[in-house]
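Observations on the three-dimensional arrangement
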Amino acid sequence: HLLSLINDVLDMSRIESGKIHLDEKPCSLPDVLHGLRNILQADIHTKQLELYIDAVDVLDEEVYCDKLRLNQVLLNLLSNSVKYTQAGGIVSLRITEKGGAPAGYANYEFSIRDNGIGMSQEFVAHIFEPFEREKSTTISGIPGTGLGMAITKNIVDMMNGTIEVKSKQGEGTEFTVCFTFRL
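A few points on the structure. All values derive from a computational prediction rather than experimental measurement.

Under the definition given, this model contains 4 salt bridges. Asp23 is the partner of Lys25 in a salt bridge, and the nearest nitrogen-oxygen pair spans 3.3 Å. Given a relative accessible area of 47%, Lys25 falls into the partly exposed group. Classification of Asp23 as partly exposed rests on a relative accessible area of 41%.

Following this line, the structure appears as C-alpha cells:
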C-alpha cells in the first residue's frame with residue numbers, strides 16, 4: 001500500500017513537472033489485453049467477480065504506442081472497477097476500432113464498465129482532480145490515494161486521447177477512453 005502511494009505521488013510529480021515522455025514502440029493490442037487479464041485474474045477470483053474482455057471490429061491489432069502508459073491507464077480503470085464492485089458483480093473491457101482515422105492510423109475506443117457501487121453526479125464532476133475521493137468510499141474504508149484518476153487523465157491527455165465517465169450510484173460506472181494510434 002505504501003509503495004502504491006509513493007508511486008502515485010511520484011507519477012503525479014513527474015506529470016506536473018513535464019518529466020514523463022511517451023515511448024512509442026510497436027505494440028500488439030491482443031498482448032495488452034492478455035496481460036491485463038493475467039494481472040487482474042487473482043483479484044477477480046478473490047472477489048468472485050466475472051471479467052469479460054472482448055474486441056469488436058478490431059482489424060488493426062499492431063500499432064505504435066507507449067505500451068507501458070496504455071497499460072497504466074487501462075489497469076487503473078479496471079482496478080477501480082474491481083475495487084468498487086461487490087462479489088458476484090461484472091467487470092468488462094471492450095475495445096472497438098472506429099472508422100474515420102487518417103491513412104496509416106486507426107481509432108480505438110476502450111470501454112471499461114462495471115455494475116459496482118457507482119458514483120454520485122457531484123463526485124463525477126471532480127473525479128479527475130488530484131486527491132478527490134467519494135465520501136462513501138472513504139467512510140467504508142476502501143483504500144486509495146485519490147490520485148489514480150488524475151494520473152490517468154493526464155496520461156490520456158499526453159497520448160492525445162479522450163476520457164469520459166458515466167456513473168450512477170448503486171448501478172455502476174462506465175469509462176470510455178479513445179485513442180488514435182499509428183499503424
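Before going further, it helps to examine the packing of aromatic side chains. The final tally for this structure, using the stated rule, is 3 aromatic pairs. Between the aromatic rings of Tyr108 and Phe181, the centroid separation amounts to 5.8 Å while the plane-to-plane angle is 35 degrees, which identifies the pairing as tilted. Of this pair, Tyr108 sits in strand E5 (residues 105–114) while Phe181 sits in strand E7 (residues 172–182), and the two are 73 residues apart along the sequence. Comparing Tyr108 with Phe181 shows no difference in burial state: the two are buried. Members of the aromatic cluster, connected to one another through ring pairs, are Tyr108, Phe110, Phe179 and Phe181.

A separate point is the side chain of Ser167. Considering the arrangement of structural elements, one finds Ser167 in strand E6 (residues 162–168). Among the polar contacts listed, one links the side chain of Ser167 to the backbone nitrogen of Met119, at a separation of 2.8 Å. When sequence neighbours within four positions are dropped, the list of residues in contact with Ser167 reads Gly118, Met119, Gln121, Val124, Gly172 and Thr173.

The next subject is the environment of Cys27. Its location among the elements puts Cys27 in strand E1 (residues 25–28). Sequence spacing of Cys27 and Cys65 is 38 residues, and the spatial spacing of their C-alpha atoms is 6.3 Å. Those residues in contact with Cys27 that sit more than four places away from it in its chain are Val32, Glu61, Glu62, Val63, Cys65 and Lys67.

With 8 of 11 residues buried, E7 is to be regarded as a mostly interior element. As defined by bridge partners, E5 adjoins E7 across 10 bridges and the pair is classed as antiparallel. The residue of E7 that forms the bridge with Glu109 is Cys178. As defined by bridge partners, E6 adjoins E7 across 7 bridges and the pair is classed as antiparallel. The residue bridging Thr162 from the neighbouring strand is Cys178, located in E7.

Calculation criteria
- Residues numbered from 1 in each chain as written.
- Predicted model: local features only at pLDDT ≥ 70, side-chain atom pairs only at ≥ 80, totals over all residues.
- Heavy atoms only, no water.
- Salt bridge = Lys/Arg side-chain N within 4 Å of Asp/Glu carboxyl O.
- Buried < 20%, exposed > 50% of the residue type's maximum accessible area, 1.4 Å probe, protein only.
- Phe/Tyr/Trp six-rings, centres within 6.5 Å; stacked < 30°, edge-to-face > 60°.
- Helix = DSSP H or I, 4+ residues; strand = E, 2+ residues; numbered from the N terminus.
- Polar contact = N/O pair within 3.5 Å; in protein donor to acceptor, adjacent residues only side chain to side chain.
- Contact = heavy atoms within 4.5 Å.
- Pairing = 2+ DSSP bridges.

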